[in-house]
Amino acid sequence: QVLRKSLQSGVVLSTGSFLVYEAHKLISGFAEVHASFKVEDVIEQADYLYGSGETEKLYRLLVQHKNSDDAELLWRLARSSRDLAQLGSTSAEEKKQLTYDSLEYAKKALEKNESNFAAHKWYGICLSDVGDYEGIKTKIGNAIIIKEHFQRAIELNPKDATTIHLIGIWCYSFAEMPWYQRKIAATLFATPPTSTFQEYAANSHLKLFSCLYAADPNFYSKNLLFLGKTYLKLNNKKMALLWLSKAKEYPAQTEEDKQV
């Protein structure tokens, strides 16, 4: 029937060449579907391991795909590399290498898909981490770039609570910046990045933090900590005690939770 339709269309193929052509289409189609399912399977497995706190297993899974063209895999690898670097069992040398690797993976994720909000988020996080190894001047110099990527992530996904939290951390960091760092910032920027605790507290993002807490009290331990620290800076000790107590009572599951 297929041959008859082909002949009716004026396409004359020998039986042999026609079968080779059809076989090629079938195999190509199967390969594409198989590749698609493979990526989805890896992502599903990765998300399960991340939710289970299996940091090392997750890294071993994802690092096999470091040459992937899929942004979803690459930003997860950036996150996984960073998480592995944060473990107490990771040596200082390994931590530094993983920190730089995570930035490269996040950068590659952005190159593959500039519209991926998570790629912007993790690029900003990883760029901030690398600043710890390159000195305060570089760290301050990257501050504007970091904030731009966080803001872009929020534009692409306004409901992502983690990115909103990160914008709050950015504001807090500049509000707490000592005088000598402000002098460095003044030499790097025509208009240095600034923030105050009043600005941070009045920020609409914090209103959303409160809504997120009401919806999910276990959203993020560090979110509770910084709410408490901000109120303490504003000399509102009653509210500071409330949020710091919540941070203290937070069920610690990760190394970061324990530090909080």
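Predicted, not measured: the structure shown is a model, and the values here were computed from it.

Criteria and thresholds
Residues numbered from 1 in each chain as written. Predicted model: local features only at pLDDT ≥ 70, side-chain atom pairs only at ≥ 80, totals over all residues. Heavy atoms only, no water. Helix = DSSP H or I, 4+ residues; strand = E, 2+ residues; numbered from the N terminus. Buried < 20%, exposed > 50% of the residue type's maximum accessible area, 1.4 Å probe, protein only. Areas by Shrake-Rupley, 256 points an atom, 1.4 Å probe, with all protein chains shown as cover. Contact = heavy atoms within 4.5 Å. Phe/Tyr/Trp six-rings, centres within 6.5 Å; stacked < 30°, edge-to-face > 60°. Lys NZ or Arg CZ within 6 Å of the ring centre and 35° of its normal. Core = buried A, V, L, I, M, F, W, Y, C linked by side-chain atoms within 4.5 Å. pLDDT = per-residue confidence, 0-100. Axes fitted to C-alpha atoms, helices over the stretch in contact; angles between N-to-C directions. Parallel < 35°, antiparallel > 145°, perpendicular 65-115°, else oblique. Left-handed = near helix turned anticlockwise from the far one by under 90°. Nonpolar A, V, L, I, M, F, W, Y, C, P; charged D, E, K, R; others polar.

To continue, consider the overall build of the chain. Each helix and strand in the chain was counted, giving 14 helices and zero strands. From first element to last, N terminus to C terminus, the chain shows the α and β order α-α-α-α-α-α-α-α-α-α-α-α-α-α. Buried positions account for 38% of the 260 residues belonging to the chain. Per element, the accessible surface of the chain, about 15500 Å² overall, is 54% carbon and sulfur.

Here Asn-116 is to be found in the loop between helix H5 (92–112) and helix H6 (117–141). Excluding residues within four positions of it along the chain, Asn-116 makes contact with Ala-71, Glu-72, Trp-75 and Leu-156.

With respect to the secondary-structure elements, Tyr-50 resides in helix H2 (residues 15–51). For the pair Tyr-50 and Ser-80, spaced 30 residues apart in sequence, the C-alpha to C-alpha distance is 8.3 Å. With sequence-adjacent residues up to four places away left out, Tyr-50 is seen in contact with Leu-58, Arg-79 and Asp-83.

Our next topic: the packing of aromatic side chains. Think of a pair of aromatic rings as described by two things: how far the centres are apart, and how the planes are tilted against each other in angle. Tallied over the entire structure, the rule returns one aromatic pair. A ring pair is formed by Tyr-100 and Tyr-133, whose centres lie 6.1 Å apart and whose planes are at 45 degrees; its orientation type is tilted. Of this pair, Tyr-100 sits in helix H5 while Tyr-133 sits in helix H6, placing them 33 residues apart in sequence. Tyr-133 gets classed as partly exposed once you look at its relative accessible area, which sits at 33%. The aromatic ring of Tyr-50 is capped on one face by Arg-79, whose charged end is 3.5 Å from the ring centroid. It is Lys-229 that lies over the ring of Phe-226; its NZ or CZ is 4.7 Å from the centre.

Moving on, we come to the nonpolar core. Ranked by internal contacts, the top residues of the largest apolar core, which has 40 residues, are Leu-62, Leu-103, Ala-109, Tyr-123, Phe-150 and Trp-170. Secondary structure elements with two or more residues in this core: H2, helix H3 (55–63), helix H4 (71–86), H5, H6, helix H7 (143–156) and helix H8 (161–175). Excluding its chain neighbours within four sequence positions, the residues that come into contact with Tyr-123 are Leu-103, Ala-106, Lys-107, Leu-110 and His-149. Counting residues in each nonpolar core, the second largest holds nine residues, with Ile-169, Leu-224, Phe-226 and Ala-247 among its members.

In this section: unusual backbone geometry. Of note, the phi angle at Asn-235 is positive, near 65 degrees, even though the residue is not glycine. Note that Asn-235 resides in the loop between helix H12 (221–233) and helix H13 (237–249). Take Asn-235: its relative accessible area is 59%, and that puts it in the exposed class.

This part covers the confidence of the model for the chain. With 70% of its residues at a pLDDT of at least 70, the chain reaches an overall mean of 79. The secondary structure element of the chain with the lowest average pLDDT is helix H1 (residues 2–8), at 41, and the one with the highest is H5, at 97. Across residues 1–36, confidence stays below pLDDT 50; counting only partners more than four residues off in sequence or on other chains, it has six contacts.

Attention now moves to the packing of H12 against H13. Where H12 contacts H13, the axes come no closer than 7 Å and their chain directions differ by 160 degrees. Put simply, H12 runs roughly antiparallel to H13. Note on packing geometry: the crossing formed by H12 with H13 is left-handed. Seen from H12, the contacting residues are Ser-221, Leu-224, Leu-225, Leu-227, Gly-228, Lys-229, Tyr-231 and Leu-232; seen from H13, they are Lys-237, Met-239, Ala-240, Trp-243, Leu-244, Lys-246 and Ala-247. For the contact of H12 with H13, the per-class residue count stands at 10 nonpolar, two polar and three charged.

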